[in-house]
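# Chains, contacts and geometry: an overview
This is what each chain is made of:
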Amino acid sequence: MVLQNKEFHNLQELRHSASLANKVFIQRDYTDGTVCKFQTKFPSELDSRIERTLFEDTVKTLNNYYAEAEKIGGQSYLEGCLACLTVYLIFLCIETRYEKVLKKISRYIQEQNEKVYAPRGLLITDPIERGMRVIEISVYEDRGSSGSSSGSSTTSSSGR
Amino acid sequence: MSAVMITRKVTRKWEKLPGKNTFCCDGRVMMARQKGVFYLTLFLIVGTCSLFFAFECPYLAVHLSPAIPVFAVLLFVFVVAMLLRTSFSDPGVLPRALPEEANFIEMEIEAANGNVMAGQRPPPRIKNVQINNQIVKLKYCYTCKIFRPPRASHCSICDNCVDRFDHHCPWVGNCVGKRNYRYFYLFTLSLSLLTIYIFAFNIVHVVLRSVDSGFMNTLKETPGTVLEVLVCFFTLWSVVGLTGFHTYLISLNQTTNEDIKGSWSGKNRVQNPYSHKNFIKNCCEVLCGPTYPSVLDRRGVMLEDSTRPTPSDASAASTYKSTNPVSQTTKSSAPLIPNEHTPEEAKPSIGAGTQKSTSSPKEEKPPSPTSPNAVAPAVIKESAH
């Protein structure tokens, strides 16, 4: 039942040797209104795959990124007014703040996938590819083994 | 490994999007299907302004001030820009749920409903969420197979769920939603100003000229004036009224859709949980809030060929970065979850796409179906239409 370390070493290996078993969808949390925020409730399907704190950290960081992107303050007013004055043509030249944060999010998700999730046989899909409705977490299982446990301490330490 | 380049045309995602939108400029422009009234709007604005520039402006520039036509030009450019921006942009369409997500939601609903007796109608699919201490009901959309986020609504004309749906405006030929509401408002506001401006200066022009030449002669010299006054008179009432109505809605942070349905009015109803209860704050949020990105990856390339079209992907993504800021970066991070495919379909393309000589035929065998995947083929048929 113990998986070999090298099977889930990185995303490449995950692609070759694992098969998709299930997908878990983290829904939006609307308690603060229509701002983009995801529920930090730990889904039971991931119980044996990843530590709760790691998962919560990821979701909380993503929520912070989205909050930063959607913050209504001095910078967003400036951006809005400047854009309006230039008849929104300025967006052909510069990136909006939201777009900049989305790039940061995409890099963060890639980093998390490489360092934390792929070694555990999981993969996070960027919410923007799902209409910002859900965080889709794909659960992979090793084709060779019949068991589903992969959270052995050896793999998690090699993944760091 | 040699990359086998397929020379046929690259298929972009907008070509496969469900819904009744029309796309132009290879996915850059997105509009509703019926565009007739939009052309009328454009014709009226351009036509009336052309008449103004042809007949009134030469006289007014000389006799009053050259600033008059200059300001008219600026206003005209602003109006047309806002109109085009409203009409051509994605209003905030929510993409339909992919089969796995739809199944996941179905299973949640069934678990929540428990056992329904045969012959009995299942309860309506509603989710209650608490927003700012108010209970808001989220409805399930049978077309898009999602629980609509708060303030989203399904537009039957465009057959899409739109976030913060305001209304479908035939005059701009598009829905008005989260992403283009402020452009729509600025369009109506600037159009009101332009109409008032042209109307006022028409009157001034007629008066000034009549003093010199007499009223009938003036009308004969500048026949366009009559037409302009007519158009402006009728436009004035409707557009100024509309601007006033939307100013009222913005100050309360409501949408037209909510206003019509009476979501936040009436004694027993919930108070608007989105309003900041402050006129300035509400206006700032709606007009000066962040510019939301489009979640419809219109210009992304469909991964349906057996070879991954990475060269065209990079070049396509770089040609118009403002519509797809993250398509190139997210594709590299999660390439093995293609958007429109189920796991079964995805496996052969992933297995072959890596082009490793070590990939054995047995790797392309689909995974043994667990319960979500078994239901997926049936769901695909529904969502594919």
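Residues numbered from 1 in each chain as written. Chains lettered and ligands numbered in written order. Predicted model: local features only at pLDDT ≥ 70, side-chain atom pairs only at ≥ 80, totals over all residues. Heavy atoms only, no water.

## Some details on the overall build of chain A
Looking only at helices and strands, one finds five helices and three strands in chain A. Each helix and strand of chain A, ordered N terminal to C terminal, gives the series α-β-α-α-α-β-β-α. Every one of the 160 residues in chain A was classed for burial, and the buried ones make up 56%. A fraction of 64% describes how many contacts in chain A between residues 6 or more apart in sequence connect residues 24 or more apart. Here chain A has roughly 7,000 Å² of accessible surface; of this, 53% comes from carbon and sulfur atoms. (Helix = DSSP H or I, 4+ residues; strand = E, 2+ residues; numbered from the N terminus. Buried < 20%, exposed > 50% of the residue type's maximum accessible area, 1.4 Å probe, protein only. Contact = heavy atoms within 4.5 Å. Areas by Shrake-Rupley, 256 points an atom, 1.4 Å probe, with all protein chains shown as cover.)

## Things to note about the side chain of E258 of chain B
By the secondary structure assignment, E258 of chain B is in helix 7 (residues 256-261). Aside from chain neighbours lying at most four places away, what touches E258 of chain B is R151, N253, S263, W264 and Y274 of chain B.

## What about the packing of helix 2 (residues 52-69) of chain A against helix 4 (residues 97-117) of chain A?
All names here are of chain A. As a packed pair, helix 2 and helix 4 sit with axes 9 Å apart at the nearest point and diverge in direction by 170 degrees. Considering the angle they form, helix 2 stands roughly antiparallel to helix 4. On the side of helix 2, the interface is formed by L54, F55, D57, T58, T61, L62, Y65, Y66, E68 and A69, while helix 4 contributes R97, Y98, V101, L102, K104, I105, Y108, I109, Q112, V116 and Y117. (Axes fitted to C-alpha atoms, helices over the stretch in contact; angles between N-to-C directions. Parallel < 35°, antiparallel > 145°, perpendicular 65-115°, else oblique.)

## Concerning the pattern of salt bridges
Under the criterion given, the structure shown has 19 salt bridges over all chains. Between R96 of chain B and D159 of chain B there is a salt bridge, and its shortest N-O distance comes to 3.2 Å. Residue R96 of chain B is found in the loop between strand 3 (93-94) and helix 3 (99-113), and its partner D159 of chain B is found in the loop between strand 7 (153-155) and strand 8 (160-162); the two are separated by 63 residues along the sequence. Each of the two residues, R96 of chain B as well as D159 of chain B, counts as buried. Across the pair R125 of chain B and E106 of chain B runs a salt bridge, and its minimum N-O distance is 3.2 Å. Residue R125 of chain B is found in the loop between helix 3 and strand 4 (126-131), and its partner E106 of chain B is found in helix 3; the two are separated by 19 residues along the sequence. A relative accessible area of 22% means that E106 of chain B is categorised as partly exposed. Connected through shared salt-bridge partners, K23, R130 and E136 of chain A together with E100 of chain B make up one network. (Salt bridge = Lys/Arg side-chain N within 4 Å of Asp/Glu carboxyl O.)

## Here's the deal with the UniProt feature "domain: Palmitoyltransferase DHHC" (unreviewed entry) in chain B
Listed under "domain: Palmitoyltransferase DHHC" (unreviewed entry) in the UniProt record, and renumbered for this structure, are residues 137-261 of chain B. The straight-line gap between the two end C-alpha atoms of residues 137-261 of chain B is 14 Å; of that span, 60% is helix and 15% is strand. (UniProt positions renumbered as here; feature names shortened; annotations may be inferred.)

## Re the UniProt feature "transmembrane region" (unreviewed entry) in chain B
Residues and elements named next belong to chain B. Mapped onto this structure's residue numbering, the UniProt feature "transmembrane region" (unreviewed entry) falls at residues 37-55, 67-84, 183-204 and 224-245. The straight-line gap between the two end C-alpha atoms of residues 37-55 is 27 Å; of that span, 100% is helix and 0% is strand. Between the C-alpha atoms that bound residues 183-204 the distance is 31 Å, and the span itself is 100% helix and 0% strand.

## A word on the UniProt feature "domain: Golgin subfamily A member 7/ERF4" (unreviewed entry) in chain A
UniProt feature "domain: Golgin subfamily A member 7/ERF4" (unreviewed entry): in the numbering of this structure it lies at residues 24-136 of chain A. Note that residues 24-136 of chain A is 45% helix and 8% strand, and that its end C-alpha atoms are spaced 6 Å apart.

## Describing the layout of surface pockets
Gaps left between atoms show up when a probe the size of a water molecule is rolled over them. By volume, the second largest pocket is sized at about 820 Å³. For the lining of the second largest pocket, the elements supplying multiple residues, two or more each, are helix 2 of chain A together with strand 3, helix 4 (181-213) and helix 8 (279-288) of chain B. Split into classes, the residues belonging to the lining of the second largest pocket amount to 19 nonpolar, 11 polar and 12 charged. (1 Å grid on protein atoms, 1.4 Å probe; cavity = no way out; pocket = protein on both sides within 12 Å on 5 of 7 lines; lining within 4 Å. Points joined across faces, edges and corners; volume = space filled by probe spheres on them. Nonpolar A, V, L, I, M, F, W, Y, C, P; charged D, E, K, R; others polar.)

## A look at the sheet that holds strand 1 (residues 18-26) of chain A
All names here are of chain A. Strand order across the open sheet formed by three strands is 1-3-2, with antiparallel pairing between neighbours. Two strands bound the open sheet, and with one partner strand each, they are strand 1 and strand 2 (122-125). Each strand axis lies, on average, 25 degrees off the axis of its neighbour in the sheet, ignoring direction. (Pairing = 2+ DSSP bridges.)

## Considerations on the environment of P43 of chain A
Residues and elements named next belong to chain A. Turning to its location among the elements, P43 is positioned in the loop between strand 1 and helix 2. Considering only alpha carbons, one finds P43 and L11, 32 residues apart in sequence, at a separation of 23 Å. Apart from residues no more than four positions distant in its own chain, P43 is found in contact with V24, I26 and F55.

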